[in-house]
Amino acid sequence: MKLIISDEFSTSSKELFNFISNPKNLELVYPRRLKVKVVEVPEKLSENSIIRMNSVILGQNFEWKLIIKNYKENEGFVDEALESPFKYWKHEHKIKPLNEKKTLMEDIIEFKTFLGFLGDKFASRIIKNIIEYRNLKIKQYFGEKIDKIEFKDPTVIDLKLGLLLCIIMTLIGFVLPIISPKNLIFGLIFNFIAWFLLWFFTHDLAHFIAGYLLGIRFSYFYLGLSNLVRAIPFKRIKFLFLVLGLKINRKRSKASKYGFAFMYFAGPLASMILPFYVPIYLFLYKYNLLAFIFLFLSLINLIITLIFSPKYGCIHKGLNKLKE
């Protein structure tokens, strides 16, 4: 996929080039939520320079290794990823003076995600919003008055909307086995959807209910990658583990460490236990083949969670809280 974003800046082409060609400035102008950190960079960029940095994408930390190509002083350069969260990444920065105090900068970004067309479309929205935020921060740096700079993150879901979504999807998960057709194929489809909903949406619903009762407050839901991906070495597979997350509002929360620990434990407990509703219901109504299929799936989910969550996931977070 290809994105082209142009913007005008109230500064000379030389000043703008000097600013964008200093990779350390990335830390100043990109949204804080990305936690961009440059860890290796030469004193001055040139052809084939290597930049190493870290950033947070979908809630997880990723490393970048970029090589500089087509470097032209005061005109632009290309950074191409040798390592990144993307399957392919190429970012061209073009600078064109309009007059002594006005400069046009064009960002031409070509990329591919590991999730195909839908992943590319979703990523394009995020990238566009990041570049627009960055441009405003650069304008502010060069003295332009900007009333408000806000990063519009499409992965963020309003708290009430996210809570309503979790409740509705959980209820659908309980209802689908009841209305499931007796036909094997359609029964398999209906019950798999039910199983998935009870696995996916109950996790954060349990976090919210337990946390709210114990004095923990939340700011918003967000779409991110499960912490369990830290145990997976393959990038292509990592991006299949999309989950909902909850941002804790630490300032408004008044729970003890035990309250926080219980809140963390509640999520994996719900996503381990509630999917068993599907095979139990099927056994009660004598759909034995389907029941055994979903019993096996539920047991696999239980085992995987018990193995990896204490090391990487919410159980790990809860245990750490108890150690404080």
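For clarity, every value in this text was computed on a predicted model and none was experimentally measured.

**Q** How would you summarise the overall build of the protein chain if you had to cite specific residues and measurements?
**A** When helices and strands are tallied, the protein chain shows 10 helices and 10 strands. Taken along the three principal axes of its C-alpha coordinates, the protein chain extends 80 × 45 × 30 Å. When the 324 residues of the protein chain are sorted by exposure, 45% land in the buried category. Considering only contacts within the protein chain whose residues lie at least 6 apart along the sequence, 60% involve residues at least 24 apart. For the protein chain, the separation between the mean place of its 46 positive charges and that of its 27 negative charges on side chains is 11 Å.

**Q** Give a description of the packing of aromatic side chains that names residues and reports values.
**A** Taken as a whole and assessed by the stated rule, the structure comprises 25 aromatic pairs. Taking 6.2 Å as the distance between ring centres and 80 degrees as the angle between the ring planes, the aromatic pair formed by F17 and F77 counts as edge-to-face. With F17 in helix α1 (residues 13–20) and F77 in strand β5 (residues 76–83), the pair connects residues that are 60 residues apart, well separated along the chain. You can call F17 buried: its relative accessible area is 0%. Grouping aromatic residues by their ring pairs yields a cluster made of W195, F196, W199, F200 and F201. The cationic tip of R217 hangs over the ring face of Y212; the distance from NZ or CZ to the ring centre is 4.0 Å. Across from the ring centre of F260, 4.7 Å away, lies the NZ or CZ of K321, which sits over that ring.

**Q** Tell me about the pairing of strand β6 (residues 88–99), and please be specific about residues and values.
**A** Across 5 bridges, β5 lies against β6 in antiparallel orientation. Each residue of the ladder has a partner; that of F77, found in β6, is H93. Turn length for the β5-β6 hairpin, with the two strands adjacent in sequence and antiparallel, is 4 residues. The pairing of β6 with strand β7 (residues 102–112) spans 11 bridges and is classified as antiparallel. Pairing of P97 across the sheet is with T103, part of β7.

**Q** Residues and numbers for the nonpolar core, please.
**A** Where a protein is soluble and globular, its nonpolar side chains tend to be buried together. Residues I20, W89, F111, I127 and I138 are the most contacted members of the largest nonpolar core, which totals 34 residues. For this core, the elements supplying multiple residues, two or more each, are β1 (2–9), α1, β3 (50–57), β4 (60–72), β6, β7 and α3 (116–141). The element that contributes the greatest number of residues to this core is α3, accounting for 7 residues. In this structure I20 touches F77, H93, I95, M105 and I138, once residues within four positions along its chain are discounted.

**Q** Residues and numbers for the sheet that holds strand β10 (residues 242–248), please.
**A** Within the open sheet, the 3 strands sit side by side as β8-β9-β10. Their pairing is antiparallel. Both outer strands of the open sheet, β8 (156–158) and β10, are each paired with one neighbouring strand and no more. Pairs of neighbouring strands in the sheet enclose a mean axial angle of 30 degrees, with direction left out of account. Sheet analysis places strand β9 (residues 218–225) next to β10, joined by 7 bridges and oriented antiparallel. Looking across to β10, one finds that F218 is bridged to I248.

**Q** Describe helix α10 (residues 314–323), naming the residues involved and giving the relevant values.
**A** By the burial criterion, the buried members of α10 are C314, I315, G318 and K321. Seen end-on, α10 carries its buried residues on one side only, within an arc spanning 120 degrees. For α10, the secondary structure elements touched by its buried residues are α5 (184–213), α7 (257–273) and α9 (288–312).

**Q** Account for the side chain of S84, naming residues and giving values.
**A** Turning to its location among the elements, S84 is positioned in the loop between β5 and β6. Judged by its relative accessible area of 3%, S84 falls in the buried class. Of note is the side chain of S84, whose polar atom sits 3.0 Å from the backbone nitrogen of F86.

**Q** If you had to explain a positive patch on the surface to someone new, which residues and values would you point to?
**A** There is a patch of like positive charges on the surface, built from K35, R230, K247, R250 and K317. Residue class for K247 comes out partly exposed when judged on its relative accessible area of 40%.

Reading the values: rules and limits
- Starting afresh in each chain, residues are numbered from 1 along the sequence in its written order.
- Local features in this predicted model are restricted to residues of pLDDT 70 or higher, and side-chain atom pairs are both shown and tallied only at a pLDDT of 80 or more, whereas totals for entire chains, interfaces and linings draw on every residue.
- Just so you know, side-chain values use all the structure's heavy atoms and leave hydrogens and water out.
- Here a helix means four or more residues in a row that DSSP labels H or I, a strand means two or more in a row labelled E, and each is numbered from the N terminus.
- The buried label goes to any residue with under 20% of its type's maximum accessible area, the exposed label to any with over 50%, and the partly exposed label to all in between, with areas taken from a 1.4 Å probe on protein chains only.
- Two residues form a contact once any of their heavy atoms are found within 4.5 Å.
- We score Asp and Glu as negative and Lys and Arg as positive, and we do not count His or the chain ends.
- Note that the charge is assigned to NZ on lysines, CZ on arginines, CG on aspartates and CD on glutamates.
- In this analysis, rings of Phe, Tyr and Trp, with Trp reduced to its six-membered ring, are considered paired at centre separations within 6.5 Å, and the interplanar angle assigns stacked below 30 degrees, edge-to-face beyond 60, and tilted for intermediate values.
- Note on geometry: a ring has a charge over it if NZ (lysine) or CZ (arginine) is within 6 Å of the ring centre and within 35 degrees of the ring normal.
- Between any two strands, at least two bridges found by DSSP are needed for them to pair.
- Throughout this description, the term nonpolar core refers to a set of buried Ala, Val, Leu, Ile, Met, Phe, Trp, Tyr and Cys residues connected via side-chain atoms within 4.5 Å.
- Structural elements are reduced to axes, namely lines fitted to C-alpha atoms, with helices fitted over the stretch in contact, and the angle between N-to-C directions of any two is expressed from 0 to 180 degrees.
- The arc in question is formed by the directions pointing from the helix axis toward the C-beta atoms.
- Polar contacts here mean pairs of N or O atoms no more than 3.5 Å apart (in protein, one a potential hydrogen donor and the other a potential acceptor; neighbouring residues in sequence count only if both atoms are side-chain atoms).
- To count toward a patch, a residue needs a relative accessible area over 30% and no salt bridge; like charges are then connected within 9 Å, while nonpolar side chains (Val, Leu, Ile, Met, Phe, Trp, Tyr) are connected within 5 Å.
- Values of accessible area rely on a 1.4 Å probe in the Shrake-Rupley scheme; residue burial ignores everything except the protein chains shown.
- In what follows, salt bridge is the name for a side-chain nitrogen of Lys or Arg lying within 4 Å of a carboxyl oxygen of Asp or Glu.

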